[in-house]
Amino acid sequence: MILSFDDVRELKREVAEKFPAPVHFHDGCGGQYFTLEAPDPDLITFITRYCTERNRRAVFIGDGTRFTIE
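Note that the structure is a prediction, hence the values are computed from the model and not measured.

Criteria and cut-off values
- Residues numbered from 1 in each chain as written.
- Predicted model: local features only at pLDDT ≥ 70, side-chain atom pairs only at ≥ 80, totals over all residues.
- Heavy atoms only, no water.
- Buried < 20%, exposed > 50% of the residue type's maximum accessible area, 1.4 Å probe, protein only.
- Helix = DSSP H or I, 4+ residues; strand = E, 2+ residues; numbered from the N terminus.
- Pairing = 2+ DSSP bridges.
- Contact = heavy atoms within 4.5 Å.

Caption draft 1: Inspection of the pairing of strand E4 (residues 66-69) at higher detail. Because side chains alternate across E4, one face comprises the buried residues Phe67 and Ile69, and the other comprises Arg66 and Thr68, none of which is buried. When strand E2 (residues 31-36) meets E4, the two strands line up antiparallel, connected through two bridges. What sits directly across from Thr35, in E4, is Arg66. Both strand E3 (residues 58-61) and E4 contribute to a ladder of four bridges, which runs antiparallel. Across the sheet, the residue bridging to Phe60 is Phe67, located in E4. Turn length for the E3-E4 hairpin, with the two strands adjacent in sequence and antiparallel, is four residues, and the turn residue Gly62 shows positive phi of about 65°.

Caption draft 2: Just the environment of Val59, in detail. Structurally, the position occupied by Val59 is in strand E3. Other than its neighbours up to four places away in sequence, Val59 contacts Arg66, Phe67, Thr68 and Glu70.

Okay, structure coming up:
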(Lines give C-alpha, C1' and ligand atoms only; values in the text may rest on other atoms or scores of the structure.)
Protein backbone atom coordinates (compact mmCIF):
# COMPACT_ATOMS: atom_id res chain seq x y z
CA MET A 1 0.00 0.00 0.00
CA ILE A 2 1.28 3.45 -0.87
CA LEU A 3 0.62 5.99 1.87
CA SER A 4 0.10 9.67 1.22
CA PHE A 5 2.52 12.10 2.81
CA ASP A 6 -0.36 13.28 5.02
CA ASP A 7 -0.81 9.72 6.32
CA VAL A 8 2.91 9.42 6.99
CA ARG A 9 2.97 12.79 8.75
CA GLU A 10 0.05 11.72 10.96
CA LEU A 11 1.75 8.45 11.95
CA LYS A 12 5.02 10.23 12.75
CA ARG A 13 3.18 12.86 14.81
CA GLU A 14 1.24 10.26 16.81
CA VAL A 15 4.45 8.35 17.57
CA ALA A 16 6.33 11.54 18.52
CA GLU A 17 3.60 12.45 21.01
CA LYS A 18 3.93 9.12 22.83
CA PHE A 19 7.51 7.88 22.34
CA PRO A 20 10.97 9.45 22.46
CA ALA A 21 12.25 7.43 19.48
CA PRO A 22 11.32 8.68 16.00
CA VAL A 23 9.94 6.69 13.10
CA HIS A 24 11.95 7.22 9.90
CA PHE A 25 10.14 7.13 6.55
CA HIS A 26 11.84 5.92 3.36
CA ASP A 27 10.28 6.32 -0.08
CA GLY A 28 12.23 5.18 -3.10
CA CYS A 29 12.27 2.95 -6.13
CA GLY A 30 11.87 -0.13 -3.93
CA GLY A 31 8.69 1.24 -2.36
CA GLN A 32 7.84 2.78 0.99
CA TYR A 33 9.09 1.48 4.30
CA PHE A 34 9.76 2.72 7.82
CA THR A 35 12.59 2.17 10.26
CA LEU A 36 13.04 2.51 14.00
CA GLU A 37 16.39 3.27 15.61
CA ALA A 38 16.04 0.31 18.00
CA PRO A 39 13.46 -2.42 18.52
CA ASP A 40 10.88 -1.31 21.09
CA PRO A 41 8.06 -3.74 21.92
CA ASP A 42 5.75 -0.95 23.16
CA LEU A 43 6.29 1.09 20.00
CA ILE A 44 5.76 -1.97 17.80
CA THR A 45 2.48 -2.67 19.62
CA PHE A 46 1.42 0.96 19.20
CA ILE A 47 2.18 0.99 15.46
CA THR A 48 0.41 -2.35 14.96
CA ARG A 49 -2.70 -1.09 16.78
CA TYR A 50 -2.54 2.28 14.99
CA CYS A 51 -2.56 0.56 11.59
CA THR A 52 -5.28 -1.92 12.54
CA GLU A 53 -7.56 0.93 13.63
CA ARG A 54 -7.15 2.38 10.13
CA ASN A 55 -7.81 -0.92 8.31
CA ARG A 56 -4.13 -1.36 7.48
CA ARG A 57 -1.52 -3.87 8.55
CA ALA A 58 2.00 -3.16 9.79
CA VAL A 59 4.44 -5.88 8.75
CA PHE A 60 7.64 -5.89 10.82
CA ILE A 61 10.75 -7.40 9.29
CA GLY A 62 13.73 -8.98 11.01
CA ASP A 63 14.56 -7.58 14.44
CA GLY A 64 11.58 -5.20 14.50
CA THR A 65 13.40 -2.08 13.34
CA ARG A 66 11.96 -2.11 9.81
CA PHE A 67 8.34 -2.32 8.72
CA THR A 68 5.99 -1.74 5.84
CA ILE A 69 2.29 -0.93 5.86
CA GLU A 70 -0.16 -2.93 3.77
